[in-house]
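Coordinate analysis (summary)
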Amino acid sequence: MRPTALITGASRGLGAAIARELAPTHDLLLGARSPEALSPMLEELPGAVGWPADLTDHDAVAAAAAGIERLDVLVHNAGVADLGTVADTTAEVWRRTFEANVVAVAELTRLLLPALRSANGHVVLINSGAGLRANAGWGAYAASKFALRAFGDALRLEEPALRVTSIHPGRIDTDMQRDIVATEGGEYDPGQFLKATTVAGAVRGAIETPRDAHPTEVVLRPIARS
Ligand SMILES: NC(=O)c1ccc[n+]([C@@H]2O[C@H](COP(=O)([O-])OP(=O)(O)OC[C@H]3O[C@@H](n4cnc5c(N)ncnc54)[C@H](OP(=O)(O)O)[C@@H]3O)[C@@H](O)[C@H]2O)c1
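Here the residue numbers are simple positions, counted from 1 along each chain's written sequence. Given that this is a predicted model, residues contribute local features only at a pLDDT of at least 70 and side-chain atom pairs are listed and counted only at 80 or more, while totals for whole chains, interfaces and linings are drawn from all residues. The basis for every side-chain value is the complete set of heavy atoms in the structure, and neither hydrogens nor water enter the calculation.

As recorded in an unreviewed UniProt entry, the protein chain goes by the name SDR family oxidoreductase, listed as coming from Rhodococcus daqingensis. The UniProt entry for the protein chain carries the following text under Sequence similarities (unreviewed entry): "Belongs to the short-chain dehydrogenases/reductases (SDR) family." UniProt positions are given in the numbering used here, feature names are shortened, and annotations may be inferred rather than shown by experiment.

Here is the structure:
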């Protein structure tokens, strides 16, 4: 029986690259906010099944998770990044960032724990370099990724049947990075950033690590910026 993987935020960017990476070996459930956003990936990967839900709508997520009884891999990839200094970041932005990057992850994990336990499953948390070091202008995003790391550490201790891996990539060439560079100002040069396919390969590496090892953290920096 092929293992099943649910990947959130799989409509584009890193999530789409992880879906392409796992498609040859896993039955895939692909998440995004809407069915429309998922159509191109579902056409590209005919065996994959759409799993549309806004992850911050907890009723919708509970309904979408209800039918999943066994899950080998859960990749929490969906996330948001609103840049701004502490002086400029309102409570609304802090809440939106934490809702998407932390609360949604905790709630989806909670709902899927029985399915993950059934499979001795693997939870992969797409974190960030910002989850290890906070920089000026990244307060809300970095704080949410620090919180995500703490969530993963607690989950790893509480659920010994599971493996929990935090992946900490530096900047990746995706839509999110294009938006960030547009906010910062300056030319967008994809050669400065990690390729999404490289980070997706690290996700596969974590999942395929033999079971005598627990890959707790993977850190990847772009060679151009390391
Ligand atoms: N890009 C980077 O430089 C970088 C670096 C380090 C870490 N990361 C992390 O990598 C992950 C993926 O980033 P990315 O650059 O690939 O982002 P992206 O290009 O902006 O794509 C974000 C994905 O998340 C989904 N999503 C966002 N909010 C959602 C919600 N409320 N409910 C359901 N789906 C939602 C989007 O779905 P829709 O298509 O429906 O909008 C989309 O599929 C994030 O966790 C990010 O923090 C990124």
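After that view of the structure, there is still more to cover.
Moving on: the site of the ligand. We call a residue near a molecule or strand whenever a single non-hydrogen atom of that residue lies within 4 Å of it. For the ligand, the set of nearby residues contains 30 residues, the closest of which are Ser 11, Arg 33, Tyr 141, Thr 174 and Gln 177. Taking Arg 12, its side chain carries an N or O atom lying 2.8 Å from an oxygen atom of the ligand. Pairing of N or O atoms within 3.5 Å defines a polar contact, subject to two protein rules: one partner must be a possible hydrogen donor and the other a possible acceptor, and residues neighboring in sequence count only if both atoms are side-chain atoms. Tyr 141 places a side-chain nitrogen or oxygen 2.6 Å from an oxygen atom of the ligand. For the ligand, the protein covers 94% of the area, taking 900 Å² as the surface of the free molecule. Helix and strand assignments come from DSSP, with helices taken as H or I runs of at least 4 residues and strands as E runs of at least 2, each series counted from the N terminus. Among the secondary structure elements, those contributing two or more residues to the shell around the ligand are helix 1 (13-22), helix 5 (139-158) and helix 6 (175-184). Within the shell around the ligand, the residues separate by chemical class into 13 nonpolar, eleven polar and six charged. In short, Shrake-Rupley with a 1.4 Å probe defines the accessible areas, and a residue's cover is counted only from the protein chains shown. Amino acids are sorted into nonpolar (Ala, Val, Leu, Ile, Met, Phe, Trp, Tyr, Cys and Pro), charged (Asp, Glu, Lys and Arg) and polar (every other residue, Gly among them).

Next up on the list: the packing of helix 4 (residues 91-118) against helix 5. One can describe the packing of helix 4 onto helix 5 by two numbers: an axis separation of 8 Å at closest approach and a directional angle of 20°. Of the possible angle classes, the one that applies to helix 4 and helix 5 is roughly parallel. Seen along the crossing, helix 4 lies across helix 5 with a hand that is right-handed. Where helix 4 abuts helix 5, its residues Trp 94, Thr 97, Phe 98, Asn 101, Val 102, Val 105, Ala 106, Thr 109 and Leu 113 lie against Gly 139, Ala 140, Tyr 141, Ala 143, Ser 144, Lys 145, Ala 147, Leu 148, Phe 151 and Leu 155. Lines fitted to C-alpha atoms define the axes here, with helix axes fitted over just the stretch in contact, and angles between the N-to-C directions of these axes take values from 0 to 180 degrees. Reported orientations rely on four angle classes, namely roughly parallel under 35 degrees, roughly antiparallel over 145, roughly perpendicular from 65 to 115, and oblique for the rest. Handedness of a helix crossing follows the sense of rotation of the near helix relative to the far helix, less than a right angle counterclockwise being left-handed and clockwise being right-handed. Note on contacts: a residue pair qualifies if any of its non-hydrogen atoms lie within 4.5 Å across the two residues.

It is worth spelling out the packing of helix 3 (residues 58-65) against helix 4 at this point. Contact pair helix 3 / helix 4: the axes reach a minimum separation of 10 Å and the direction vectors enclose 35°. At the point where helix 3 passes helix 4, the crossing takes the right-handed sense. Two secondary-structure elements touch here, helix 3 through His 58, Val 61, Ala 62 and Ala 65 and helix 4 through Glu 99, Val 103, Ala 104, Glu 107, Leu 108, Leu 111 and Leu 112. Residues belonging to the contact of helix 3 with helix 4 are distributed by class as follows: eight nonpolar, one polar and two charged.

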